Amino acid sequence: MPRLWSVWAVAMLLLIPLKDTHTFTASVDYNEARELFLRGYLETSQQKALQGYRRSLASMPEWASRFQLLEAETLEWRGMYEDALRILAAPAPALNSQEQAIQKLTAESVALTHLHLFSNANDKLEKAEKLCESESFAACGGVSRARGVFAMERGQMTEARQSFLKSLSFAQAHHDEFLETTALSGLGYASLQSERYDEAVDWSTQAYRSAVDLDAEDMAQVASGNLGWAYFELGDRERALELFLDAETRAAKLGDLRFEVKWQTTLGDVYWSTENFAQATRSYAAALVLARHINSTDDIVDILEDLTHASIDAGKLDAAKRYLLQLDPLVTASNNRLDALDVKFAQARIAAASRDDKDAESLFHEVEKDPASQTSMRFGAEHELARLYESEDKTADADRMYRTSLSTFESARASLKSEESKLPFLANATGIYDDYIHFLVAHHKTDQALALADRSRARTLEQGLGVVSNSRSISLASLHPGEIARKTNATLLFYWLGERESYLWAITPAKTTMFTLPARAQITPVVERYRKTLLGLSDPIETSNADGVALYRMLVSPVRELIRPGSTVILLNDGVLSQLNFETLIAPEPTPHYFIEDATLVSASSLDLLASAKPTERTGNRLLLVGDAVSPNADYPDLPKAAFEMAQIEQHFSASEVTVFARERATAESYLASEPQQFAYIHFVAHGVASRTDPLDSAIILSRSTAEADSFKLHARDIMKHPIHARLVTISACYGSGTRTYAGEGLVGLAWAFLRAGAHHVIGALWEVSEESTPRLMDSLYQGLADGQTPAEALRQAKLTLLHSKGEFRKPFFWAPLQIYTGV
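Predicted, not measured: the structure shown is a model, and the values here were computed from it.

## What about the overall build of the chain?
- The helix and strand tally for the chain stands at 35 helices and 18 strands.
- Scored against the burial criterion, the 824 residues of the chain give a buried share of 60%.
- Long-range contacts, defined as pairs at least 24 residues apart, comprise 69% of the intrachain contacts of the chain with a sequence gap of at least 6.
- As displayed, the chain offers around 31400 Å² of accessible surface, 50% of which is attributable to carbon and sulfur atoms.

See below:
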């Protein structure tokens, strides 16, 4: 199992340059070496410290002692703990102050800790702490941090956190920014080990910003990596990969071998999580060579654990057993309970794969019940037990254990505080949901399988809107899909993309029918190819594009007889299907035509959300129209047709009903201060930017309101904090729907943010909207609304107007980017 680390986990001595005018040259050399150390250029700092030591040894013993301590410290930060101890064991030329004695004892304790010589390390720490009792020396903040490192390596997370908080308080009281940065990093790591991942994001973000402000490259790379690990545990693999690559780049720039090991390992973790086991094994193997080169016991243990699990997943059980043999003496010597549990978990997985079911069951239960097990270990062991019972045809036991694993997962999710942490977290349970759904279908419990699939949907959105509690029960008996279909007067198509096979539930007022579809891996590449076709300027219908036809046959043909011509179909999509506009699928019979010709299509997040939706209250007909902003910079030029589009929209309302923010007044501040909850319609005509790594950073681009760098951006995170009751929000901007799909939540971006704020319907774009065709489409949309059509009906008729035209606008690129989503 992958493990975590942080820069605080190595010694950082507070080095105080002496103000001695008689030794000016030594002072300059020392300060240069120390500055290099603080900035993270460790090898160069070490070389300069060694040179300074040799130059000052004969005539300036006090300076020689300081250079000696600095050299030892740089070796420690490079992970060369035995070399550091060798330097520290040499006689000090003039170690004649308590400050320096504390620094030396602290350095020795950290090196000994990392070599797992805990008794000796504790002796050194106690001596340093004793010296700090008599007087508050500047080096005493480092002692508290070293105590945190010691506790962490012993698996004592509460004690570690207390020590890092003490070090942070000391640093702030003494205005020591570097010590403060190391303490923040330590707290981030303690939160990671305690599985408080959103808290880890907060601490590590502070550490990263502080490191960047100090130009402390080594600290920045570690904070970046710790952030990456927090997002990795939250299920955000993409952002984790970006942060790990950033950390790796910084480590390579610094020539920091120790952290090259770390980032090589984390890259292996990302590959492993995406089931690229061959690439993961190569990354781990490369990291293991480096870890052995610097004799980093902690890293060797972590990497061997990773190689064991990767080998099991790749079906190479003999290789896994060899890695376990190498691990055994190391884990025994370290006395680290988490490592011991991970070895036991691996042994259980090998037993299960070898069909030694009795031993596997016993070992999985030991991991599950051990108080020291992390939550991820517990629900992982419970998931494996469920699969084991399923393979043994112990149906009741398998069902019970699947529910138990989901309950354990939900308890972990409920502890997360921020929506940004909750959004990606469900990815950690996707395998459990998929296996349990497949299990229920195999046992002909298709209604329960549908209820379970819906239970995984839109959790963050629903909880934010107050539709469900934060700890929804595991009961699967309360869903009444037929009533939801009757309430919405629509046919509901609910999709689940699975590893072994996918499923489609077609729901009408009369019945619910399940169909088996191809596995996710077969559907995904076809969707991706067809999306690329749609983004071109060809017309797929003219050639009966094979992918467009294939997707229709896979996803729609099974339920074609259940869809009345012209009726409403609500799509509840999964995974990559959220990025596909079903209107563009090509129905081959009786003659090739787009699916939009047959039905009005609406996207929804979950059945629960549809069930909870209230009838739209007509609170007047007021329109808030925002757009035609002043270009904030060259990246976002003026939109020449924006004023025309806004004028087209305005003519469908009386003057008293319209509030317009245009040009200099079209600002984020204006929208947020407008009391947006009073408007029935909200419309933006502007540039949009979708953030893939952080979807809540997606923004509508407006005019600058202040000199602040981002004052021209109306961010998704701010949108969702201001409640609205709009019948329809329209984002006439590029990628208004977003570009990032989260497990269970679908596309998250601007459209999601407005639904989260309370909008009943939102129109957003799946790709870049055309400045030429969009004003015409919007004019038709609002005319349809004025004629009494629903937002979905009006949007469909507006699209059909373009589709049936004779020019370029008949092509999907022009009419298909805009999609309508329904909320509460």
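More follows now that the structure is in view.
## Thoughts on the nonpolar core
- Grouped together as the largest cluster of nonpolar side chains are 164 residues, with contacts concentrated most on L492, L555, F582, L607 and F754.
- Residues contacting F582, with those up to four places away along its chain left out, are Y495, L555, V556, L571, N573, L577, F595 and L601.
- Formed by 26 residues, the second largest nonpolar core is a distinct cluster that contains A280, Y284, L327 and V343.

## Re the environment of E32
- Tracing the chain through its elements places E32 in helix α1 (residues 24–39).
- The spacing of E32 and A49 is 17 residues in sequence and 9.3 Å in space, taken between C-alpha atoms.

## Side note on the packing of aromatic side chains
- Tallied over the entire structure, the rule returns 27 aromatic pairs.
- Here W77 and F178 contribute two aromatic rings whose centre-to-centre distance is 6.3 Å and whose plane-to-plane angle is 35°, an arrangement assigned as tilted. With W77 in helix α3 (residues 61–77) and F178 in helix α9 (residues 177–193), the pair connects residues that are 101 residues apart, well separated along the chain. The exposure classification of W77 matches that of F178, with both residues buried.
- Connected via pairs of aromatic rings, a cluster forms that spans Y30, W63 and F67.
- For the cation-ring pair, R147 lies above F150, with the distance from its terminal atom to the ring centre recorded as 5.3 Å.
- In this structure, R237 packs its charged tip against the face of F232, placed 4.6 Å from the ring centre.

## Some points on the sheet that holds strand β9 (residues 658–663)
- Spatially, 11 strands are ordered β3-β2-β1-β4-β7-β18-β17-β14-β10-β8-β9 in an open sheet, and the strand pairing comes out mixed. The strands lining the two open edges of the sheet, one partner per strand, are β3 (512–517) and β9. If you compare each strand with its neighbour and ignore which way they point, the axes differ by 20° on average.
- Sheet analysis places strand β10 (residues 681–685) next to strand β14 (residues 728–732), joined by 5 bridges and oriented parallel. Each residue of the ladder has a partner; that of H683, found in β14, is T730.
- The sheet contacts of helix α32 (residues 750–757) involve β10, β14, β17 (761–765) and β18 (818–822), and relative to β14 the element is tilted by about 160°.

## What to know about the packing of helix α11 (residues 217–233) against helix α12 (residues 237–254)
- At a closest axis distance of 8 Å, the pairing of α11 and α12 adopts a crossing angle of 160°. Considering their axes alone, α11 and α12 lie roughly antiparallel with respect to each other. Between α11 and α12 the crossing geometry is left-handed. Between α11, through E217, D218, A220, Q221, S224, G225, L227, G228, W229, Y231 and F232, and α12, the contact on the second element is made entirely by R237, R239, A240, L243, F244, D246, A247, R250, A251, K253 and L254.
- Residue composition of the contact of α11 with α12, by class: 11 nonpolar, 4 polar and 7 charged.

## Description of the confidence of the model for the chain
- For the chain, per-residue confidence averages 84 on the pLDDT scale, and 89% of positions sit at 70 or higher.
- Note on residues 1–24: pLDDT is under 50 here. Beyond four places in sequence and across chains, it has 96 contacts.
- The model gives residues 460–467 a pLDDT under 50, and that stretch makes 35 contacts with residues more than four places away or in other chains.

## Examining the pattern of salt bridges
- Scanning all chains against the criterion turns up 31 salt bridges.
- Via salt bridges that share partners, E217, D246 and R250 belong to a single interconnected network.

## Considering the sheet that holds strand β13 (residues 713–715)
- Pairing is antiparallel in the open sheet, where 3 strands are placed in the order β11-β12-β13. Pairing within the sheet leaves two strands with one partner each, and these edge strands are β11 (687–689) and β13. Across the sheet, the mean angle separating the axes of adjacent strands is 25° when strand polarity is ignored.
- Alignment of strand β12 (residues 699–701) against β13, held across 3 bridges, turns out to be antiparallel. For A699, the partnering residue across the bridge sits in β13 and is H715.

## Some details on the packing of helix α29 (residues 642–650) against helix α33 (residues 774–786)
- Contact geometry for α29 and α33: axes closest at 9 Å, N-to-C directions at 10°. Considered as vectors, α29 and α33 are oriented roughly parallel to each other. When α29 is examined against α33, the residues F644, E645, Q648 and I649 are found in contact with a partner set consisting of T774, P775, M778, D779 and Y782.
- Tallied by class, the residues present in the contact of α29 with α33 amount to 5 nonpolar, 2 polar and 2 charged.

## Digging into the environment of A786
- Following the sequence through the fold, A786 ends up in helix α33.
- It is 10.0 Å that separates the C-alpha atoms of A786 and N621, two residues lying 165 residues apart in sequence.

## Notes on unusual backbone geometry
- E589 connects to P590 through a cis peptide bond whose omega is -5°.
- With respect to the helices and strands, P590 occurs in the loop between β5 (586–587) and β6 (593–594).
- For N295, which is not glycine, the phi torsion reads 55° and is therefore positive.
- Within the secondary structure, N295 is located in the loop between α14 (277–293) and α15 (297–313).
- Phi at N335 takes a positive value of approximately 60°, unusual for a residue other than glycine.
- Relative to the elements of secondary structure, N335 occurs in the loop between α16 (317–334) and α17 (337–353).

Definitions and limits used
Residues numbered from 1 in each chain as written. Predicted model: local features only at pLDDT ≥ 70, side-chain atom pairs only at ≥ 80, totals over all residues. Heavy atoms only, no water. Helix = DSSP H or I, 4+ residues; strand = E, 2+ residues; numbered from the N terminus. Buried < 20%, exposed > 50% of the residue type's maximum accessible area, 1.4 Å probe, protein only. Contact = heavy atoms within 4.5 Å. Areas by Shrake-Rupley, 256 points an atom, 1.4 Å probe, with all protein chains shown as cover. Core = buried A, V, L, I, M, F, W, Y, C linked by side-chain atoms within 4.5 Å. Phe/Tyr/Trp six-rings, centres within 6.5 Å; stacked < 30°, edge-to-face > 60°. Lys NZ or Arg CZ within 6 Å of the ring centre and 35° of its normal. Pairing = 2+ DSSP bridges. Axes fitted to C-alpha atoms, helices over the stretch in contact; angles between N-to-C directions. Parallel < 35°, antiparallel > 145°, perpendicular 65-115°, else oblique. Left-handed = near helix turned anticlockwise from the far one by under 90°. Nonpolar A, V, L, I, M, F, W, Y, C, P; charged D, E, K, R; others polar. pLDDT = per-residue confidence, 0-100. Salt bridge = Lys/Arg side-chain N within 4 Å of Asp/Glu carboxyl O.

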